[in-house]
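This is what each chain is made of:
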Amino acid sequence: MKKTINKNNIFIALVLLGLIFVASLPAFRSGIYQGHDLSFHLGRIQAIAEELKNGQFPVRYESNAWYGHGYVSTTFYGNIFLYIPAFLYMAGLPVWRAYNVYVILVNVFTALIGYYSFKGILKSERWGLVATGIYMLAGYRLSNLYVRTALGEYTAMIFVPLVIYGIYRIYVNKGEYSTIKLILPLIIGTTGLIESHILTTELIAVFVFIYALVNIKRTIACIKELLIALAAILGINAFFLIPFIDAYTSMDLYINTELSQTSIRSDGLYLSQLFGILTTGKGSSYPWTTEGEGYLNVGIIVILCIVAALVLLIRDIINKNANKNFIILFAFGIFAAWMSTVYFPWDAFAGSNSLDQLISSVQYPWRYVMILTICFTICGVYAISQLLSKINFAIVFCVIGAIAVLSTGVFDYTLSWGNITVANQDADETWADKLYLPVGTDRDSLSNTEIIKDDESGTVTLPVLAYDNLHVYDSQNNEIQWTVGDNNCIQVTYDGDYTKLYTRFVEPLWWRVSEVISAISIVVLVVIYQKEKRTKNNGK
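Residues numbered from 1 in each chain as written. Predicted model: local features only at pLDDT ≥ 70, side-chain atom pairs only at ≥ 80, totals over all residues. Heavy atoms only, no water.

Engineer: Looking at this model, I keep getting lost on the sheet that holds strand E9 (residues 502-505). Mind explaining?
Structural biologist: Backbone-to-backbone hydrogen bonds pair the strands of a sheet. The strands run either parallel or antiparallel. A sheet is described by the order of its strands in space; here 3 strands give the open sequence E6-E5-E9, paired in antiparallel fashion. Looking along the sheet, the strands with just one partner apiece sit at the ends: strand E6 (479-480) and E9. As paired elements, strand E5 (residues 470-473) and E6 share 2 bridges and run antiparallel to each other. Note on E6: the bridge partner recorded for Val472 is Ile480. (Pairing = 2+ DSSP bridges. Helix = DSSP H or I, 4+ residues; strand = E, 2+ residues; numbered from the N terminus.)

Shown next, in the form of structure tokens:
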């Protein structure tokens, strides 16, 4: 028996290593393909390294962004995982290599966490392994990694399966574990989402909320565990959430004003993309067309999962023995598919009210393909396990594996000739985007880094954007009050040597308190977990 278990573990380990290798092939290079958001994320990595050297911790403000005008993307964009490539950059690695190491690590943890989660959901090591392979090599995930270089989103995709397993575990396996052990996957998974990509967190939260309503009786039965998990999640992530909410509600930026006022429908997918068999490794996003958008094709492996799930659903409905959770996930996948397209009424959510801002904050409808992918990975593999239960598993595994690897090969081939390679020692000076700029800022004018003195009014305009929590000091370290001047830059009234003025980002007290809350929450969670573990051991 022991020998069989060891062989099984070796097989699982080899398959996971193979998946990591196949998914990471484009990262095993002396350079990076120029993805859509690459410059932005290389800049984030370098900015974190620079601010850490300057003594800022945690990093909330990028002082060198926008030609030294500053930026606050780190306040709105979870960056705790980017400390890894930032430390590598500080150690002397070029920023492109630090980024590639990060991509490989993401694939490692996607494989490990995915396998743990899918195995728990499907209650099978073998089918959990199949689901991990489909998820890792799904077209949307590969495009996020190498075409869109959507670092926040592909990092968040590490934790999406864990969140789903965490919910499943609480609703289905309550009573099999102590309280903290029961809710730990949900806590860790949701924390990973929050600290990676707030938009993905919003998407998942909406579907989890709907799931809770659909299963209201079970939700009430599990309310204690759900509330404890929620309290732990809020406490652990207070260091990010409190500054995020404070900054989001106190400053008028592009992301919380103008962004939601235009319909995003034109960027939706068409049916030919939802059923696009091959995901290509090149292209960009264009309105009202599929031309040049092959990287958004769902891909054959996920399409097969959709077909298998549909066949099982029809069979089980006829036989009147359909699994409720299977039906819910299938419905979520179909709804997400609709929301990802131009056929969804996105025009109705173009406005400035809170609902419009929430719905349209995804920026691109096709982000919902991530929900489609995870839902039909689970539904599809479950369906295959039921429909093909009488066929030798090795045959099914090899066929699915061959399809996944071959489609990935097509993606990698088109990626290699459809994109240029960059090998930046450092990030581009113009890496920052416009999402977190104050409303009305002229980006072209930010290249002017001169201090402007108006002798008539006695005012001095510094080449620093007027973000909250910035303080201005003179050469004697005396603080000077400031107002918002031309192009949203800091303006002061000063008659001394204005060339000696400098700015510093200072966290408000409640932000520091939020960091203490997070530290205490982690300690309390660990202490309670250990206490439950000792109690269980003493009871044996």
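Engineer: What is the right way to look at the environment of Ile490 in this model?
Structural biologist: On the secondary structure map, Ile490 appears in strand E8 (residues 489-493). Assessed through its relative accessible area of 0%, Ile490 is described here as buried. Here the alpha-carbon distance between Ile490 and Glu507, two residues 17 residues apart in the chain, equals 18 Å. In this structure, Ile490 is in contact with Val460, Thr461, Leu462, Val464, Leu465, Ala466, Leu470, Val472, Trp482, Thr483 and Thr503, ignoring residues within four places of it in sequence. (Buried < 20%, exposed > 50% of the residue type's maximum accessible area, 1.4 Å probe, protein only. Contact = heavy atoms within 4.5 Å.)

Engineer: Honestly, the pattern of salt bridges in this entry has me stumped. Any pointers?
Structural biologist: Any two side chains of opposite charge can pair if their charged atoms end up close together. For the structure shown, the criterion picks out 10 salt bridges. As a salt-bridge pair, Glu225 and Lys174 come within 3.5 Å of each other at their nearest N and O atoms. Placement of Glu225 in helix H14 (residues 223-236) and of Lys174 in the loop between helix H10 (160-172) and helix H11 (179-194) is noted, with a sequence separation of 51 residues between them. Of the charged contacts, one joins Glu507 and Arg512 as a salt bridge, the two residues approaching to 3.5 Å between their closest N and O atoms. Assessed through its relative accessible area of 13%, Glu507 is described here as buried. In the salt-bridge network here, residues are joined through shared partners; they are Arg60, Glu507, Arg512 and Glu515. (Salt bridge = Lys/Arg side-chain N within 4 Å of Asp/Glu carboxyl O.)

Engineer: Explain the nonpolar core to me, please; I cannot follow it from the model alone.
Structural biologist: By size, the foremost hydrophobic cluster in this structure holds 172 residues, and its most contacted members are Tyr71, Tyr99, Tyr368, Ile371, Leu372, Phe376 and Tyr467. Examining the composition of this core, we find that 13 residues originate from one element, helix H6 (residues 95-122), more than from any other. In this structure Tyr467 touches Tyr61, Gly70, Tyr71, Val72, Met251, Leu253, Tyr436, Leu437, Pro438 and Trp482, once residues within four positions along its chain are discounted. (Core = buried A, V, L, I, M, F, W, Y, C linked by side-chain atoms within 4.5 Å.)

Engineer: Just to check I follow, could you spell out the packing of H6 against helix H20 (residues 369-387) for this structure?
Structural biologist: Each pair of packed helices gets described by two things: the angle between the helix axes and the distance between those axes. At a minimum axis distance of 11 Å, the contact between H6 and H20 shows a crossing angle of 50°. Considering the angle they form, H6 stands oblique to H20. Our pair here, H6 against H20, has a crossing hand that is right-handed. For the pair H6 and H20, the contacting residues are Phe118, Ile121 and Leu122 in the first and Ile374, Thr377, Ile378, Val381 and Tyr382 in the second. (Axes fitted to C-alpha atoms, helices over the stretch in contact; angles between N-to-C directions. Parallel < 35°, antiparallel > 145°, perpendicular 65-115°, else oblique. Left-handed = near helix turned anticlockwise from the far one by under 90°.)

Engineer: Would you take a moment to explain helix H15 (residues 238-250) for this structure?
Structural biologist: Along an α-helix, residues three or four positions apart point the same way, because every turn accommodates 3.6 residues. Counted at 1.5 Å a residue, the expected span for H15 with its 13 residues is 18 Å, and the 18 Å between its end C-alpha atoms agrees. Every buried residue of H15 is accounted for by Ala238, Phe239, Phe240, Leu241, Pro243, Phe244 and Ala247. Each element contacted by the buried residues of H15 is listed here: helix H4 (73-76), H11, helix H12 (198-214), H14 and helix H22 (509-538). (Expected span 1.5 Å × (residues − 1).)

Engineer: Sorry if this is basic, but what is going on with the state of the cysteines here?
Structural biologist: Two cysteines form a disulfide when their sulfur atoms are joined by a covalent bond. Taken as a whole and judged by the stated rule, the model has 0 disulfides. Cys379 provides the cysteine sulfur closest to Cys375, a residue in no disulfide bond, and the two sulfurs are 6.5 Å apart. Assessed through its relative accessible area of 3%, Cys375 is described here as buried. Here Cys398 is not cross-linked by a disulfide; its sulfur's nearest cysteine counterpart is in Cys305, at 17 Å. The class for Cys398 is exposed, based on a relative accessible area of 52%. (Disulfide = S-S within 2.5 Å.)

Engineer: Explanation requested: helix H21 (residues 393-418) in the structure shown.
Structural biologist: Between its first and last C-alpha, H21 extends 37 Å over 26 residues, near the 38 Å set by a 1.5 Å rise per residue. The backbone nitrogen of Ala394 has a side-chain oxygen 2.8 Å away, supplied by the residue at the start of H21, namely Asn392. (Polar contact = N/O pair within 3.5 Å; in protein donor to acceptor, adjacent residues only side chain to side chain.)

Engineer: Explain a nonpolar patch on the surface to me, please; I cannot follow it from the model alone.
Structural biologist: Residues Val206, Phe209, Ile210, Leu213, Val214, Ile216 and Ile220 make up a contiguous nonpolar surface patch of roughly 630 Å² in combined accessible area. Breaking the nonpolar patch down by element, the ones donating at least two residues are H12 and helix H13 (216-221). Of the residues forming the nonpolar patch, the biggest block, 5 residues, is contributed by H12. Structurally, Ile220 can be placed in helix H13. (Patch = residues over 30% accessible without salt bridge, like charges linked within 9 Å, V, L, I, M, F, W, Y side chains within 5 Å. Areas by Shrake-Rupley, 256 points an atom, 1.4 Å probe, with all protein chains shown as cover.)

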